Amino acid sequence: MFDNALIDRRNSLPRILIVDDNPADIKLLIGILSELGRIQVATDGAQVLSLVKNHPPDLVLLEVRLPGMDGFEVCRSLKSEPETRIIPVIFITAHDTPQGQDTGLECGAIDYIAKPFNPRFMRMRIGNQLRQRDEERMHQRLCLQQQLILDAIGEGIIGFDHHCRITLANPAATRLLGAPEADLLGLRLQEMTQLDRIDGTPFETEQCVLCHRNDDSVPSHRGEALFRNRNGMPFPVEYTTSMVRHEGRRLGCVVVLRDISRQQEMELRYQRRLASRIAINALLETSVEPMSMERQLDVALEIILSVSWLPSLYKGAFFLVNHVTGHLEMVASKGLSPEAKACCAHLAPGECLCGQAGQTRQLVFAGEDECRHYSEAGEDLHHGHICVPLTDKEQLIGVVTIPVKPGHKPDTEELAFLTTLSKTLTSIIGRRRLEQKVNATQPWKG
């Protein structure tokens, strides 16, 4: 009898579902409410459930007395489903009793309007409910947008109340802290993770600027700190804390965290490369200065051991090949005991780690358990070794050995530096030997 397609013309207006089996009342309600929204009509409970499933309305006007399922059953069914429970329901009936009103409100309805209708009051009450529904939807959209933004932001965002307890943590923050938001809510940050200064020294509780911002004169603060995840692994963060105030009253603060591990790694890599270039340039600069081979190797050893990122123990030695015997002879050293220098003064090919590096023409890295060539000299063995062969077209020139901290494992950048170092030292030694030959052939001038 009533064509929903013809009635439903203005898609921008809210959708109102009228549920009544009385054609006169339906016609009256359409006339009263047509300016407020798009009207749909159902005459029984089964039709209501079908329409609501396919085209959820913004408001349901529901007659109590219906054929088949009554209005109360329909309302209970709507409120039992997650998809429809938020749709507001208003009961309309000519049989208005206190018991009926109680039952309707207990079913989940928001209002109960008795027939006959006062058109003016009816329009005002329905209009108010639609505006409230629109405001609720707008609030839900804003909350969803804010949540999507928080979820998409790469920095960790943590909200604290005025008692310094966590009230919010976005996904980036939960990943940093290694715990879901549910486990974080209500905790102080230091109850979840250990906080230290960026240099590794601990904060005192009253000094932890992330959780104890008591100075209202400073609205925000930036700095760096060291966090530890649940496994105890430290990672550096850059943080910004900002006070949250409303009408002059402090409600809490927001902390924005950014993991700067990658940044620090890149800075460290840059500093290592810079120190490596400085060392190689220093070696090349000394090669043009007038000095003996022995002095050159002493200076070169000092430069190598001064590379800041190299985990040396400021000990080391230079060996050159004696082309008569084929043995390695120690020609320069730094930090070695007299016993160690005597023990390693002459090494046959393949003897100990230095001899192995010379024999294989390969870099040799050894842990503290493999450093047996100092044992006879009583040398402290709690360190590892790096042995760098110096070769010119597969011909062995010498070996540089550097004791390093125990447990050290070289990375690709260290291997690249040591390879460049080997080539540079081979070139410098070749230059010095050429100078010696030239000087030996020049006639003496008295």
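Residue numbers restart at each chain and count upward from 1, following the sequence in its written direction. Owing to the predicted nature of the model, reporting of local features is limited to residues with pLDDT of at least 70; listing and counting of side-chain atom pairs is limited to 80 or more, with chain, interface and lining totals taken over all residues. Processing note: side-chain calculations cover all non-hydrogen atoms of the structure and skip hydrogens and water entirely.

A. View of unusual backbone geometry. That bond from Lys-115 to Pro-116 is cis: its omega, -5°, falls within 30 degrees of zero. Counting through the fold element by element, Pro-116 comes out in the loop between β5 (111-114) and α6 (119-152). You will see that Tyr-314, though not glycine, has its phi angle at about 50°, which is positive. Segments assigned H or I by DSSP are reported as helices when at least four residues long, segments assigned E as strands when at least two residues long, and all are numbered from the N terminus. With respect to the element layout, Tyr-314 can be found in the loop between α11 (293-305) and β12 (316-321). A positive phi angle, close to 55°, is found at Cys-352, a residue other than glycine.

B. Structural view of the nonpolar core. To define a nonpolar core, start from buried Ala, Val, Leu, Ile, Met, Phe, Trp, Tyr and Cys residues and group those joined through side-chain atoms within 4.5 Å. Partly exposed residues are those whose accessible area sits between 20% and 50% of the maximum for their type, while under 20% is buried and over 50% is exposed, using a 1.4 Å probe and protein chains only. The biggest cluster of nonpolar side chains holds 32 residues, and the ones touching the most others in it are Leu-283, Phe-318, Leu-421 and Leu-425. For this core, the secondary-structure elements that each account for two or more residues are α10 (261-286), α11, β12, β16 (384-392), β17 (395-404) and α14 (412-441). Looking at this core element by element, the count peaks at 8 residues for α11. With residues near it in sequence (within four places) discarded, Leu-421 still touches Ile-280, Leu-283 and Ile-304. Formed by 22 residues, the second largest nonpolar core is a distinct cluster that contains Ile-158, Met-192, Tyr-239 and Met-243. Residues are treated as being in contact if the distance between any of their heavy atoms lies within 4.5 Å.

C. Representation of the sheet that holds β12. Here, a strand pair is defined by DSSP locating no fewer than two bridges between the strands. As summarised here, the arrangement of the 6 strands in space is β14-β13-β12-β17-β16-β15, forming an open sheet in which the pairing is antiparallel. Strands with a single pairing partner mark the edges of an open sheet, and in this sheet they are β14 (346-347) and β15 (364-366). Axis definition: a line fit to C-alpha positions, over the contact stretch in the case of helices; interaxial angles, taken between N-to-C directions, run 0 to 180 degrees. Sitting on the sheet, α14 is in contact with β12, β15, β16 and β17, with an inclination near 50° to β16.

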